[in-house]
Amino acid sequence: MKNNYLLALSSAAILWLGWPPIPYSAVLLWIGFVPLLIAFERIIRSDLDKKGKKIFLTGGLATLIWNTGSIYWVYNSVAEVMPVYAAIPVSLIPFGLGALLMALAFRGYYQLRKTHNIYFSLLGLTGFWITYEYLHQSWDLAFPWMTLGNGFASSTPLIQWYEFTGVYGGSLWVWGANALIFLLYLAYKDGFNQRFRRTISLLLTCWIVVPTGLSLLRYTSYEEHANPSDVVVVQPNIDPYGKFGPIPPGEQIETLIRLSEAAAHKNTEFFIWPETAIAHSFGYDEEEFRQHSLFFRLQQFLNPYKNASLVSGIESYRLYSGPETSTAREWNGVYYDHFNAVIMTENSPELHFYHKSKLVPGVEKMPFGKALNFMKPLFRAFGGTTGGYGSQENASVLYAQSGIGVAPVICYESIWGDYVTEYIRQGAQFIAIVTNDGWWGNTSGKDQHFDYARLRAIETRRWVARAANTGISGFIDQKGDVIQQSEWWAPYSASQEINLNESLTFYVRNGDLIAYLLMGIALFSAGSIALSSLRRRH
């Protein structure tokens, strides 16, 4: 049994080493699960009792260590705002929840092995795994950071075919390679005939070489259609925790303007400012913003740039006469929603707002808030609500006066490939990610988050202009190559001529077909398990 745990630890170490941001280390993911599958096979062939429980615990150990090692920075951010005795259990939620769901997939694999051959069982395991990944991007506790396809975010020349499959194609690629290597191991261990070993070897070679070769061919031959637009991104380097004292809103705006002007040209069409760049203690009333002195200062800043639009993060709110939304809060008889939002303004009275949709569970929204609606009086008594931030249900494009459409993606939303495609289908010609990666400190969290934006560029074949309060700001082209990027913890502004794109990739048009196919296989596998259980009982 000890050897099985050592195999589990080996898998955890390999998967951790293969995770971003180390360039091209993702090739380790092709073998990351093999030691764990060997451990499972030893348990299955043993005379141990409660084999399903042992597989669950062995798999859970490996995935818990892998998850914790890869997203350790979650604790770093939580520990900044609460004492250690509270930060540790809170951090265990993202560390442990994903690992729990992964371990359930392994438990399903064991149930399949009891009544089916190893080939169908490995296919079912892949289906269970991708079902977990899809669930973990769809429910109220969504955290799709560890989706296996994300592992190639710093190895983008290898996965240019994500424009057809999205990240779930990468998840299938990883599991297919691991399954074939595992079968090859069994073929030699159990003395299978040479013809079988050659067949598996050929399949494995094709499984890895063909997608890689096609990707490299696409990477070297891809040419962007010339449709230039001059864009400026700004990183003001603002400490999110206010360790050095809060910055007055006026001073913050002047810093952003000064950095913008340092990089701008007369023909600049977009200025991208980071998440919550426009903010004060309570936020700004969206209906009254045109009357605020800050609006006139922004108009003054934009006046020399006749064709320019400002796309900026903003803390805003809307007032209601009653509880018009499920997230509306009440104060002295007035209802309101508070938003983590993006505003677009230009040389006109026009204002456009986008309200962040993918809110961070527990930080920006109460998970399963509708189900817990009956507890609102209790939360109100303690000064809170089940609502958190307000949001909008669907993505919406911000259109400049020139007709150019920009996808306003706020921080956490950039992890969702399927969500970003909604902007593209609505006409977005480039992606603007506004974020604040300073919460995580100088850890791999900020690097992973930046690299994940490269996946969105490939999936949609759109440039990404990324502005962070501090973290990594810069530009990513349609192949996922980083063209410019800032340093950590330094003021920064840069101008880049990007190419706008109006064509739609196969993935944008068709979505996560691979996920749906594998979920169908998982459903069939689960039904098979249930049917086998019924037969044994009767």
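The coordinates are above.
Every chain is numbered independently, its residues counted from 1 as its sequence is written. Local features in this predicted model are restricted to residues whose pLDDT is 70 or higher, and side-chain atom pairs enter the listing and the counts only when it is 80 or higher, whereas totals over whole chains, interfaces and linings include all residues. In computing side-chain values, all of the structure's heavy atoms are included and hydrogens and water are not.

K.L.:
Sorry if this is basic, but what is going on with the overall build of the protein here?
P.N.:
Counting its regular elements, the protein contains 16 helices and 14 strands. In this setup the radius of gyration rests on C-alpha atoms only. A globule is expected at 2.2 Å times the number of residues raised to 0.38. Its C-alpha atoms give the protein a radius of gyration of 25 Å, near enough to 24 Å, the size a compact globule of 538 residues would have. With the C-alpha coordinates of the protein rotated into their principal frame, the extents come out at 80 × 60 × 40 Å. Burial classes follow relative accessibility: with a 1.4 Å probe on protein chains only, a residue under 20% of its type's maximum area counts as buried, one over 50% as exposed, and anything between as partly exposed. Here the protein holds 538 residues, and 58% of them are scored as buried. Only heavy atoms enter the contact rule, under which two residues are in contact if any of them lie within 4.5 Å. Expressed as a percentage of contacts within the protein between residues at least 6 apart in sequence, the contacts between residues at least 24 apart total 73%. On the protein, roughly 22,600 Å² of surface is accessible, and the fraction owed to carbon and sulfur atoms is 60%. Of the charged side chains in the protein, 41 are positive and 42 negative, and the gap between their average positions amounts to 16 Å. Under the DSSP-based scheme used, a helix requires at least four consecutive residues in state H or I and a strand at least two consecutive residues in state E, with every element numbered from the N terminus. Residue burial considers only the protein chains on display, and all accessible areas are found by Shrake-Rupley using a 1.4 Å probe. By the counting rule applied here, Lys and Arg register as positive and Asp and Glu as negative, while His and the ends of each chain are not counted. Here the site of a charge means NZ on Lys, CZ on Arg, CG on Asp, or CD on Glu.

K.L.:
Is there a simple way to think about the packing of aromatic side chains in this case?
P.N.:
The description of an aromatic ring pair rests on the distance of the ring centres and on the angle between the ring planes. Geometry of aromatic contacts follows a simple scheme: Phe, Tyr and Trp rings, the Trp one being its six-membered ring, pair when their centres are within 6.5 Å, and the pair is stacked under 30 degrees between planes, edge-to-face over 60, tilted otherwise. Summed over the entire model, instances satisfying the criterion amount to 41 aromatic pairs. Their ring planes at 35° and their centres at 5.2 Å tell us that Phe152 and Trp173 sit as a pair that is tilted. Here Phe152, found in the loop between α6 (118-135) and α7 (162-165), pairs with Trp173, found in helix α8 (residues 167-189); they are 21 residues apart in sequence, far enough to count as distant. Relative to Tyr317, the ring of Phe282 has its centre 5.0 Å away and its plane inclined at 65°; by these criteria the two rings are edge-to-face. Here Tyr317 lies in strand β4 (residues 309-320) and Phe282 lies in the loop between β2 (270-272) and β3 (284-285), a separation of 35 residues in the sequence. Residue classification places Tyr317 among the buried residues on the basis of a relative accessible area of 15%. In textbook terms, an aromatic cluster arises when at least three aromatic residues are bridged by ring pairs, as seen for Trp19, Phe33, Phe40, Trp66, Phe106, Tyr109, Trp129, Tyr132 and Trp175.

K.L.:
How do you make sense of the sheet that holds strand β9 (residues 405-410) when you look at a structure like this?
P.N.:
Backbone hydrogen bonds are what pair the strands of a sheet, in a parallel or an antiparallel way. Two strands qualify as a pair provided that DSSP identifies no fewer than 2 bridges between them. Reading across the sheet, the six strands line up as β8-β9-β10-β11-β12-β13 and stay open at both edges, with mixed pairing between neighbours. Looking at the sheet topology across the chains shown, the edges are occupied by β8 (398-399) and β13 (482-485). Note: β9 against strand β10 (residues 430-435), five bridges, orientation parallel. Its bridge partner lying in β10, Val406 is registered against Phe430. Here the axes come from fitting lines to C-alpha atoms, over the contacting stretch only for helices, and the angles between their N-to-C directions go from 0 to 180 degrees. Lying on the sheet, helix α13 (residues 417-425) is in contact with β9 and β10; it crosses β9 at an angle near 160°.

K.L.:
What am I meant to see in the environment of Thr276 here?
P.N.:
Position of Thr276 among the secondary structure elements: in the loop between β2 and β3. Given the relative accessible area of 19%, Thr276 is considered buried. As for Thr276 and Ala341, which are separated by 65 residues in sequence, their C-alpha atoms are 7.6 Å apart. Not counting residues up to four positions away in its chain, the partners in contact with Thr276 are Gln252, Gly313, Ile314, Glu315, Asn340 and Asn469.

K.L.:
Which parts of the structure should I look at to understand the nonpolar core?
P.N.:
If you look at soluble globular proteins, the nonpolar side chains tend to sit buried side by side. Put simply, buried Ala, Val, Leu, Ile, Met, Phe, Trp, Tyr and Cys residues joined by side-chain atoms within 4.5 Å make one nonpolar core. Within the largest apolar cluster, 116 residues are counted, with the highest numbers of intra-cluster contacts made by Phe33, Trp66, Trp129, Phe270, Ile272 and Phe430. Per element, the largest residue contribution to this core is 12 residues, and it comes from α8. Residue contacts for Phe33: discarding those within four places in its chain leaves Ser11, Leu15, Trp66, Phe106, Trp129, Leu148, Val174, Trp175 and Asn178. Counting 30 residues, the second-largest nonpolar core is a separate cluster that includes Leu294, Leu310, Tyr320 and Ile343.

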